[in-house]
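Notes for the structure review
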Amino acid sequence: MFRWERSIPLRGSAAALCNNLSVLQLPARNLTYFGVVHGPSAQLLSAAPEGVPLAQRQLHAKEGAGVSPPLITQVHWCVLPFRVLLVLTSHRGIQMYESNGYTMVYWHALDSGDASPVQAVFARGIAASGHFICVGTWSGRVLVFDIPAKGPNIVLSEELAGHQTPITDIATEPAQGQDCVADMVTADDSGLLCVWRSGPEFTLLTRIPGFGVPCPSVQLWQGIIAAGYGNGQVHLYEAATGNLHVQINAHARAICALDLAPEVGKLLSAGEDTFVHIWKLSRSPESGYIEVEHCHGECVSDTQLCGARFCDSSGSSFAVTGYDLAEIRRFSSV
Amino acid sequence: MQPFWTFTGDEWTEVDRKRVLNDIISTMFNRKFMEELFKPQELYSKKALRTVYERLAHASIMKLNQASMDKLYDLMTMAFKYQVLLCPRPKDVLLVTFNHLDTIKGFIQDSPTILQQVDETFRQLTEIYGGLSAGEFQLIRQTLLIFFQDLHIRVSMFLKDKVQNNNGRFVLPVSGPVPWGTEVPGLIRMFNNKGEEVKRIEFKHGGNYVPAPKEGSFELYGDRVLKLGTNMYSVNRPVETHMSGSSKNLASRTQESIAPNPLAKEELNFLARLMGGMEIKKPSGPEPGFRLNLFTTDEEEEQAALTRPEELSYEVINIQATQDQQRSEELARIMGEFEIMEQPRLSTSKGDDLLAMMDEL
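Cut-offs used in this document
Residues numbered from 1 in each chain as written. Chains lettered and ligands numbered in written order. Predicted model: local features only at pLDDT ≥ 70, side-chain atom pairs only at ≥ 80, totals over all residues. Heavy atoms only, no water. Helix = DSSP H or I, 4+ residues; strand = E, 2+ residues; numbered from the N terminus. Buried < 20%, exposed > 50% of the residue type's maximum accessible area, 1.4 Å probe, protein only. Areas by Shrake-Rupley, 256 points an atom, 1.4 Å probe, with all protein chains shown as cover. Lys, Arg positive; Asp, Glu negative; His and termini not counted. Charge placed at Lys NZ, Arg CZ, Asp CG, Glu CD. Pairing = 2+ DSSP bridges. Axes fitted to C-alpha atoms, helices over the stretch in contact; angles between N-to-C directions. Expected span 1.5 Å × (residues − 1). Contact = heavy atoms within 4.5 Å. UniProt positions renumbered as here; feature names shortened; annotations may be inferred. Buried area = accessible area lost by both parts, 1.4 Å probe. Salt bridge = Lys/Arg side-chain N within 4 Å of Asp/Glu carboxyl O. Polar contact = N/O pair within 3.5 Å; in protein donor to acceptor, adjacent residues only side chain to side chain. Disulfide = S-S within 2.5 Å.

Looking at an unreviewed UniProt entry, chain B carries the name Organic solute carrier partner 1, with the source organism given as Macaca fascicularis.

Chain A carries the name WD repeat domain 54 in an unreviewed UniProt entry, which gives Papio anubis as its organism.

Right, let's get into the overall build of chain A. Of regular secondary structure, chain A possesses 0 helices and 29 strands. Based on the C-alpha atoms only, the size of chain A along its principal axes is roughly 55 × 45 × 40 Å. Residues counted as buried form 62% of the 334 residues belonging to chain A. Carbon and sulfur atoms form 51% of the exposed surface of chain A, whose accessible area is close to 11,800 Å². The positive charge centre, built from 20 side chains, and the negative charge centre, built from 29, are 7 Å apart in chain A.

This brings us to the sheet that holds strand β5 (residues 41-47) of chain A. Residues and elements named next belong to chain A. Pairing in this open sheet of 4 strands is antiparallel, and the strands run β3-β4-β5-β6 from one edge to the other. Two strands in the sheet have a free side with no partner beyond their single neighbour: β3 (22-26) and β6 (53-60). Taken pair by pair, the neighbouring strands of this sheet meet at an average axis angle of 15°, ignoring direction. Looking at chain direction, β3 and strand β4 (residues 31-37) are connected through 5 bridges and run antiparallel. What sits directly across from Leu26, in β4, is Leu31.

Moving on to helix α7 (residues 134-148) of chain B. Residue and element names in this part refer to chain B. Between its terminal C-alpha atoms α7 stretches 21 Å, which fits the 21 Å expected from 15 residues at 1.5 Å a residue. Looking at the buried positions of α7, the neighbouring elements they touch are α3 (46-57), α4 (66-85), α5 (92-107) and α6 (112-129). Taken from the residues just after α7, Asp150 is the one with a positive phi, measuring 75°.

Those residues carrying the UniProt feature "repeat: WD" (unreviewed entry) are residues 248-282 of chain A in this numbering. Secondary structure content for residues 248-282 of chain A is 0% helix and 66% strand, while the C-alpha to C-alpha distance between its ends is 15 Å.

With 55 residues of chain B in contact, the opposing surface of chain A contributes 59 residues. Here chain B meets chain A over a buried area of about 4,500 Å², counting both sides, of which 52% is carbon and sulfur. Residue Asp324 of chain A pairs with Lys81 of chain B through a salt bridge whose shortest N-O separation is 2.6 Å. Where chain B meets chain A, there are 22 residue pairs in polar contact (both at pLDDT 80 or more). Put simply, the parts of the chain that give the side of chain B that touches chain A at least two residues each are α4, α7, β4 (187-191), β5 (197-202), α9 (250-257) and α10 (265-277) of chain B. The element best represented in the side of chain B that touches chain A is α7 of chain B, accounting for 9 residues. Note that strand β22 (residues 244-249) of chain A and β4 of chain B share 3 bridges and pair antiparallel. Among the inter-strand pairings, Val246 of chain A is bridged to a residue of β4 of chain B, identified as Met190 of chain B.

All chains considered together, the criterion is met by 27 salt bridges over all chains. Residue Glu5 of chain A pairs with Arg3 of chain A through a salt bridge whose shortest N-O separation is 3.2 Å. For Arg3 of chain A, a relative accessible area of 44% puts it in the partly exposed group. Taking the shortest distance from any N to any O, the salt bridge between Glu197 of chain B and Arg200 of chain B comes out at 2.6 Å. Through salt bridges that share partners, Arg50, Glu54, Asp70, Asp74 and Arg308 of chain B make up one connected network.

All names here are of chain A. Within the open sheet, the 4 strands sit side by side as β23-β24-β25-β26. Their pairing is antiparallel. With one partner strand each, in any of the chains shown, β23 (255-261) and β26 (290-299) form the two edges of the open sheet. The mean inter-strand angle of the sheet, taken between neighbouring strand axes irrespective of direction, is 20°.

Attention shifts here to the side chain of Ser317 of chain A. All names here are of chain A. When you line up the elements, Ser317 lands in strand β28 (residues 317-322). Given the relative accessible area of 16%, Ser317 is considered buried. Here the side chain of Ser317 touches Asp312 through a polar contact of 2.7 Å, side chain to side chain. Apart from the residues within four sequence positions on either side, Ser317 is in contact with Phe2, Phe310, Cys311, Asp312, Phe331 and Ser332.

Our next topic: the state of the cysteines. In protein structure, a disulfide is the covalent linkage between the sulfur atoms of two cysteines. Residue and element names in this part refer to chain A. Applying the stated criterion across every chain yields a total of 0 disulfides over all chains. Free cysteine: Cys299, not disulfide-bonded; nearest cysteine sulfur from Cys256 at 13 Å. Assessed through its relative accessible area of 34%, Cys299 is described here as partly exposed. The thiol of Cys311 is unpaired, and the distance to the nearest cysteine sulfur, on Cys306, comes to 15 Å.

This part covers unusual backbone geometry. At Gln222 of chain A, a residue that is not glycine, the phi angle is positive and equals roughly 50°. Along the polypeptide, Gln222 of chain A turns up in the loop between β19 (217-221) and β20 (224-228). The exposure class of Gln222 of chain A is partly exposed, given its relative accessible area of 47%. Phi at Val225 of chain B is positive, roughly 70°, even though this residue is not glycine. Inspection of the secondary structure assignment puts Val225 of chain B in the loop between β6 (208-210) and β7 (241-242). Since its relative accessible area comes to 28%, Val225 of chain B is described here as partly exposed.

Before going further, it helps to examine the pairing of strand β10 (residues 104-109) of chain A. Residue and element names in this part refer to chain A. Where strand β9 (residues 93-98) meets β10, 5 bridges bridge the pair, whose relative direction is antiparallel. Considered in β10, the bridge of Tyr97 is made with Met104. Hairpin connection, β9 to β10: the antiparallel pair is bridged by 5 residues, and Gly101 has positive phi, about 80°.

Time to look at the side chain of Thr186 of chain A. Residue and element names in this part refer to chain A. Mapping Thr186 onto the fold places it in strand β16 (residues 184-188). Among the polar contacts made by the side chain of Thr186, one reaches the side chain of His163 at a distance of 2.6 Å. Leaving out residues up to four positions away in the same chain, Thr186 has contacts with Val142, His163, Asp169, Ile170, Leu192, Leu193, Cys194 and Trp196.

For the rest of this paragraph, the subject is the environment of Ser287 of chain A. All names here are of chain A. Note that Ser287 resides in the loop between β25 (275-283) and β26. Linking Ser287 and Ala239, residues 48 residues apart in sequence, is a C-alpha distance of 16 Å. Of note is the side chain of Ser287, whose polar atom sits 3.0 Å from the side chain of Ser284. A polar side-chain atom of Ser287 sits 3.2 Å from the main-chain amide nitrogen of Tyr289.

Next comes the structure, spelled out in structure tokens:
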């Protein structure tokens, strides 16, 4: 059902992180941008359809004190109403660039204030929500940045408290237009999920407790929260109530990435067990309860996956990265 | 200046083997050294680790030439990479460490002082790491994997056992027991608003997994269950490693060498503390010494040294090149205490003896 397409070579192999692939589709320009973290550097590249690589660029975390160059935790494109920014998080802080990665427009240094010496200090978890960009940190705080339509006048507008352990991932979806609708979910290393409503001030709506394993990746679609856990399970929750409706024993190792194709409600899960699975989310016509169906599974031999993304909003193609793998593997449906 | 005797015999004796193992293990588990290792710190640079490793390997009457030292380090690195990569759950890196300690204790059964040192280390590990969360272990494992990134040296034993492919990458099996705490993939359960299960579906996940039998023990004594980290050489095995085609990504390896000041002050300080903690005993009188050769002949060893690919050459920190005068003098003093003053004419042994040495005595 899916065939292996031409891989895109990387200058540096992918690091063993979670959510280690970001994809920006630019259909108007017939281009796709890919972003992968190597370690102390991140690689951005653009490719034409068929995966022909065009240009590539490396970014580094801003230096600081320390024995070795600071490590990058994540790189992610944020699509806002009037612009696209590339956000890079590291063990030093948060860097924001124009979408092609050429101009840095903002730098936020992390405050390691109350960190004990044994605690690693870093930023991780990036998502756009309306004209805000939300970034998670090691302490559990989520920083909310207000982004102007253009220019570098970015302002830290709020710090959300809700988590006590390092943030792993943040998911958002456009507000549905009604009042009490959740449009952001944050996840952390303890597996706790916080459900928020965005606004000039963000409001915490619900908390969904963890169960002893991290939740490295989370997605939100039409009020359905999809959460991937360190024990290989995918859970689907009703965002409005926080109730668990579906539990999938999806992978034999930790899940490293989830992605959504919003047009069709397809969910992509990738695990350290070398497998990628595609699921179809839906609601039962009678009860309205969340349902799921397994569509496809793919094994990327001997590769501990670390990132996975759909490459188009209809979910007919996807790409994955793996630890130590110096290429982006692409698949498309036949 | 202590000259070494020329050793006229050509075999290691049991006494020699025990001596070397005891010396190395007691140096490694020395309290001051362990104290330094346990301090919260960033991931060691490859250079720093290699330097420390070389010191440890020379903590006794056994010596290695550059080529054999490189090979030993390659073996150690790839074996450890294998263990960390294949850990079913992040917390299992601690079980792997406990397996290492259990095996080490087996080598020094007759030395109660050293046994005590190892047990003490065990207690410290439990105290510091025993209570970490799954998320913290995941960060530890991910950070360790950064150290091993892009290392694909082929190890004969791994190739023969089919745990490593010809391209140097490890085999990740899609069968066998799932980690403790994970369910066998293939089941979807759906619930209503009251949390009652209303439907169950199975799906084909592609692997061939079975449930985990039981959890490994984190106690001082216990069944670890996990085999990773146990003695690879408990059956006689060859120690060949293969360089060719190991690392095609030079960009990733040059990152370390293009750092503006390779001897960053912090790294020097760290090394000085670590070396200071290593109490390597100076020989009080003339000592027999052994040079360990991990190749079949001396010529082969020389050849290996000459033909080692550039991108795989290990750099040991050069104390003279530092700009910190006081620190460099201190380091030179510490390192100088361990210098061999003249190159001994010694018996050499084939790589097999390393294996024999690693066997349970």
